[in-house]
Amino acid sequence: IPCVLRFTCDAHSSGWERVSRIKPSEASTAAPQLDAVDIVAILTQDKSVEKNQERFLICNQQYRPALQSWVIELPAGLIDTGESAEEAAVRELLEETGYKASVNTATRSQEGFQSDDSRGVAAYETSMSNSCTKFVRLNSSASDQRQQVLGDDEIIRVIKIPLGLQGSLVERLEEICKHENSIASATLVAFAHGFDANIRQCST
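Since the structure is predicted, the reported quantities are computational estimates derived from the model, not experimental observations. (Residues numbered from 1 in each chain as written. Predicted model: local features only at pLDDT ≥ 70, side-chain atom pairs only at ≥ 80, totals over all residues. Heavy atoms only, no water.)

Draft legend 1. Here's a closer look at helix α1 (residues 85-97). Here α1 contains 13 residues, and its C-alpha end-to-end distance of 18 Å stays within 8% of the 18 Å for a straight helix at 1.5 Å per residue. Within α1 the residues assigned to the buried category are Ala85, Glu86, Ala88, Ala89, Arg91, Glu92, Leu93, Glu96 and Thr97. Remark: Gly98 follows α1 within two positions and exhibits a positive phi of approximately 85 degrees. (Helix = DSSP H or I, 4+ residues; strand = E, 2+ residues; numbered from the N terminus. Expected span 1.5 Å × (residues − 1). Buried < 20%, exposed > 50% of the residue type's maximum accessible area, 1.4 Å probe, protein only.)

Draft legend 2. Focus on helix α3 (residues 169-180). Under the 1.5 Å per step criterion, the end-to-end length of α3 is 16 Å for twelve residues, consistent within 8% with the ideal 16 Å. Of all the residues in α3, the buried ones are Leu169, Val170, Arg172, Leu173, Ile176 and Cys177. Projection of α3 onto a plane perpendicular to its axis shows the buried side chains occupying an angular sector of 160 degrees, all on one side. Set apart from the buried face of α3 by more than 90 degrees, the exposed residues are Glu174, Glu175, Lys178 and His179. Measuring from the backbone nitrogen of Val170 back to the side-chain oxygen at the start of α3 gives 3.1 Å, which picks out Ser168 as the cap. (Arc of directions from axis to C-beta. Polar contact = N/O pair within 3.5 Å; in protein donor to acceptor, adjacent residues only side chain to side chain.)

Draft legend 3. Layout of the packing of aromatic side chains. This structure, assessed with the given rule, holds two aromatic pairs. Plain terms: the ring middles of Tyr63 and Trp70 are 5.8 Å apart, the flat faces sit at 75 degrees to each other, and that makes the pair edge-to-face. Judged by relative accessible area, which is 28%, Tyr63 ranks as partly exposed. In this structure, Lys160 packs its charged tip against the face of Phe56, placed 5.5 Å from the ring centre. (Phe/Tyr/Trp six-rings, centres within 6.5 Å; stacked < 30°, edge-to-face > 60°. Lys NZ or Arg CZ within 6 Å of the ring centre and 35° of its normal.)

Draft legend 4. Looking closely at the layout of surface pockets. Each pocket or cavity is described by its volume, and for the largest pocket that value is around 1100 Å³. For the lining of the largest pocket, the secondary structure elements donating two or more residues are β3 (33-47), β4 (52-64), β5 (69-73), β6 (76-78), α1, β11 (182-184) and α4 (186-203). When its residues are assigned to classes, the lining of the largest pocket shows 17 nonpolar, eight polar and nine charged. Taken as a whole, the second largest pocket spans an internal volume of roughly 210 Å³. Lining of the second largest pocket is provided by Val40, Ile42, Arg55, Asn104, Arg137, Leu138, Asn139, Leu163, Phe191, Gly194, Phe195 and Asn198. It is α4 that contributes the most residues to the lining of the second largest pocket, four residues altogether. For the lining of the second largest pocket, the per-class residue count stands at six nonpolar, four polar and two charged. (1 Å grid on protein atoms, 1.4 Å probe; cavity = no way out; pocket = protein on both sides within 12 Å on 5 of 7 lines; lining within 4 Å. Points joined across faces, edges and corners; volume = space filled by probe spheres on them. Nonpolar A, V, L, I, M, F, W, Y, C, P; charged D, E, K, R; others polar.)

Keep in mind that these numbers describe shape and distance, not what the molecule does.
Following this line, the structure appears as structure tokens:
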């Protein structure tokens, strides 16, 4: 919902146009709100007869009409009324990718994703919207895939990006985008840079 609001900050007053996901009567005054989840879902599957677990990052390849392009991105979605961020993440991953998942125990214990918990809230496009998200880490297995349940306006393919290969995840993502004639979302690119930085730190 587009609206124009007036703001004052450090003695500077002006108007600003933004979009909001809430009803028009509240759009001009609503504070930042948690209304969505972004999902970091790790898929494991048996590797040959040794049963070594191969890991993949589950991603969506979704057609985005605003960009007129396919975009490779983390699964994500809105939090329904009464849902926690964890519950929304599990539901959205199942709907968008068909993978049934459980919440990563580190996420549950360290970050406490609850609907009334302000920890871990992150802003989206800060110049355009008051919408906020939380990142939820999920675990899934290759044997837990079902059929997607997509909305009428959703066009989504599932892409699994290997995490165990040598080399940079950023470079791997660039190669996939080139091969799939797609672009990567900023959120996924940021994740890939963080993943690579962590791998470099652990190897030194």
